[in-house]
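# Structure at a glance
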Amino acid sequence: MSPLPATPVDLLVVGAGVVGLAHAVEAHLRGLRVAVVERDAFAAGASIRNFGHICVTAQDGDALRYALAGRERWLWLAAKAGFDAAEAGTLVVARRPEEMAVLEEFAAVRGVEQVRLLDAAAVARHLPGPEALGGAHLPLDLRLDSPTAVPAVAGWLAGQGVPIAWRTSVLSVEPGLVRTSRGDVRAARTVLAVGHDLDRLLPDVAEAAGMTRCLLRMLEVAPPDGLRVAPGVLTGLSLLRYGGFAGRPSAEGLRDAVAAEAPELLDAGMNLMFTQRPGGAIVLGDTHHYSPTHAPFDDEAMAELLLREGARLFGAPSLRVLRRWRGQYASSAAGVLDAAVADGVRAVSVTSGIGMTIAHGLAPAVLDSLFWHS
Ligand SMILES: Cc1cc2nc3c(=O)[nH]c(=O)nc-3n(C[C@H](O)[C@H](O)[C@H](O)COP(=O)(O)OP(=O)(O)OC[C@H]3O[C@@H](n4cnc5c(N)ncnc54)[C@H](O)[C@@H]3O)c2cc1C
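Residues numbered from 1 in each chain as written. Predicted model: local features only at pLDDT ≥ 70, side-chain atom pairs only at ≥ 80, totals over all residues. Heavy atoms only, no water.

We now examine the packing of aromatic side chains. For any pair of aromatic rings, the description consists of the separation of the ring centres together with the inter-plane angle of the planes. Under the defined criterion, the tally for this structure stands at four aromatic pairs. One Lys or Arg, Arg73, reaches over the ring of Trp76 and ends 5.9 Å from the middle of that ring. The ring of Phe371 has Arg189 sitting right over it, with the charged end atom 5.0 Å from the ring centre. (Phe/Tyr/Trp six-rings, centres within 6.5 Å; stacked < 30°, edge-to-face > 60°. Lys NZ or Arg CZ within 6 Å of the ring centre and 35° of its normal.)

Below, the structure written as structure tokens:
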């Protein structure tokens, strides 16, 4: 029997990554008849390759609004679907005076509900060894284990009667009709949430939005000395990456300091950060490189750089690698791509590295406009 819905649906979602699932959850909760089509046998894209860091506080503008709403939805889903969403916050470790300056400015703007400045001793209580000058705790942030959380959401949807057609590729879309590798689906509305693959399905749409692909290299390492760290951990390099920090006037001075002391980290687009999985393994990353197509050959120098910086952060002589992988996400200056591609058809892609954080806040806004204004 075909896994595709035999009768027309109100909404067809293409892609069972976090962005597609967020739209399917929201549509289901609104009482719409929704179905999902996914090319792979399980979500194997960016949504399970990430840190599981729900990085709320570091966002700015619309992203912050979506992140705050997304946080509530993650907590709700964790309770319903039975996965762990740790309300452990984020620890930001500052090892340069310029990093402390950014955090102090950030704390002054956001207030103590969102940012708690820490001294060196308080940082060391969470993470011994990094020679920190101080840091901050961002209590609103969450930590998930993506390879279990994302399938749990798909499983919850299926349990609610939302059909998910796995191993089914969408080939083309027109108003009211989606053609797949297993046959046609009639859908009043369609959301294409195919992540970075939008540039293959609808290259003109991706090109018009200035979309490219960002490649990230990731490592899973054994915790040195059985270390347990509940919060996600960001470092000074993260302060150059997320809007909430990078928009502070003192971020300029930090960038100059890193460029003078360790330009290779900027060349590698490094955002040194980690989260710890429930079993103890540490997800350590990452480097960023941008291109429409990435060569398949992995540059070992990138892994060595990441291991060097990771070992410094942990104050460990070396780290033992358990697993390595690369991930890709769609990237554009706007940070979100939301394009009407035909009547009732929307392409939605988070084009910055924060899809886990904002997808559940973005989806209600997309559906509002797709169902009421198109
Ligand atoms: C290494 C890494 C670390 C990251 N860390 C974080 C983090 O800690 N916090 C955070 O907020 N964000 C993080 N991100 C970003 C976040 O993971 C992404 O923004 C998000 O997962 C994108 O979700 P998506 O559903 O759009 O894409 P994907 O997860 O890639 O899902 C797209 C799905 O569409 C399917 N598909 C594609 N084409 C078709 C087709 N024609 N027919 C049917 N199905 C199709 C694919 O098979 C895929 O399953 C990270 C990203 C990476 C790569």
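Additional details are given in the paragraphs that follow.
The strand order across the open sheet built from eight strands is S6-S7-S5-S14-S15-S16-S13-S17, with neighbouring strands paired in mixed fashion. Edge positions in the open sheet fall to strand S6 (116–119) and strand S17 (321–331), since each of these has one partner strand only. With direction set aside, neighbouring strand axes in the sheet form an average angle of 25°. Bridging between strand S5 (residues 90–94) and strand S14 (residues 232–234) involves three bridges; their strand directions are parallel. (Pairing = 2+ DSSP bridges. Helix = DSSP H or I, 4+ residues; strand = E, 2+ residues; numbered from the N terminus. Axes fitted to C-alpha atoms, helices over the stretch in contact; angles between N-to-C directions.)

Near the ligand you find 35 residues, and of these Glu38, Ser47, His53, Val170 and Thr357 are the closest. The backbone of Arg39 places a nitrogen or oxygen atom 3.1 Å from a nitrogen atom of the ligand. One nitrogen or oxygen atom from the main chain of Ile354 is found 3.4 Å from an oxygen atom belonging to the ligand. In isolation the ligand has 1000 Å² of accessible area, and contact with the protein removes 96% of it. Residue assignment for the shell around the ligand shows that the elements contributing at least two residues are helix H1 (18–29), helix H2 (46–49), strand S13 (212–221), S17 and helix H13 (355–372). Grouping the amino acids of the shell around the ligand by side-chain chemistry returns 14 nonpolar, 16 polar and five charged. Three or more residues apiece are contributed to the shell around the ligand by two domains, here domain 1 (9–49 + 147–209 + 334–372) and domain 2 (90–139 + 212–331). (Near = heavy atom within 4 Å. Polar contact = N/O pair within 3.5 Å; in protein donor to acceptor, adjacent residues only side chain to side chain. Areas by Shrake-Rupley, 256 points an atom, 1.4 Å probe, with all protein chains shown as cover. Nonpolar A, V, L, I, M, F, W, Y, C, P; charged D, E, K, R; others polar. Domains from an automatic or database assignment.)

The sheet built from three strands is open, its strands ordered S3-S8-S4 with antiparallel pairing. Pairing within the sheet leaves two strands with one partner each, and these edge strands are strand S3 (53–54) and strand S4 (85–86). With two bridges joining them, S4 and strand S8 (residues 142–144) adopt antiparallel strand pairing. Following the sheet pairing, Ala86 is matched in S8 by Arg143. Helix-sheet contacts for helix H3 (residues 61–81) involve S3, S4 and S8, and the interaxial angle to S8 is about 45°. (Contact = heavy atoms within 4.5 Å.)

It is worth spelling out the pattern of salt bridges at this point. With the rule as written, the count across this model stands at 25 salt bridges. Linking Arg110 and Asp60 is a salt bridge whose minimum nitrogen-to-oxygen distance equals 3.6 Å. Of the two residues, Arg110 is situated in helix H4 (residues 97–110) and Asp60 in the loop between S3 and H3; the sequence distance between them amounts to 50 residues. The buried category is assigned to Arg110, whose relative accessible area is 15%. Look at the salt bridges and you will find they share partners, linking Arg39, Asp197, Asp199, Arg200 and Arg213 into a network. (Salt bridge = Lys/Arg side-chain N within 4 Å of Asp/Glu carboxyl O. Buried < 20%, exposed > 50% of the residue type's maximum accessible area, 1.4 Å probe, protein only.)

Turning our attention to the domain arrangement of the protein. As assigned here, the protein comprises domain 1 (9–49 + 147–209 + 334–372) and domain 2 (90–139 + 212–331). On a C-alpha basis, the centroid separation for the pair domain 1 and domain 2 is 30 Å. Listed per partner, the contact involves 14 residues of domain 1 and 13 residues of domain 2. Of the roughly 1000 Å² buried where domain 1 meets domain 2, counting both sides, 51% is carbon and sulfur surface. Broken down residue by residue, the surface that domain 1 buries against domain 2 is led by Arg49, His196 and Arg200, which jointly contribute 50%. The interface formed by domain 1 and domain 2 includes two salt bridges. For Arg213, the salt bridge identified is with Asp197, shortest N-O distance 3.1 Å. Scanning the region where domain 1 abuts domain 2 turns up eight residue pairs in polar contact (both at pLDDT 80 or more). Among the secondary structure elements, those contributing two or more residues to the side of domain 1 that touches domain 2 are H2, helix H7 (198–201) and strand S19 (345–350). In terms of residue class, the side of domain 1 that touches domain 2 is made up of four nonpolar, six polar and four charged. (Buried area = accessible area lost by both parts, 1.4 Å probe.)

For a regular strand, the rule is simple: side chains alternate between the two faces of the sheet. Strand direction decides the pairing type here: strand S18 (residues 336–342) and S19, joined by six bridges, are antiparallel. Within S19, the position partnered with Ala339 by the bridge is Ala347. Linking S18 back to S19 in an antiparallel pair, the connection comprises two residues, with Gly344 at a positive phi of about 75°.

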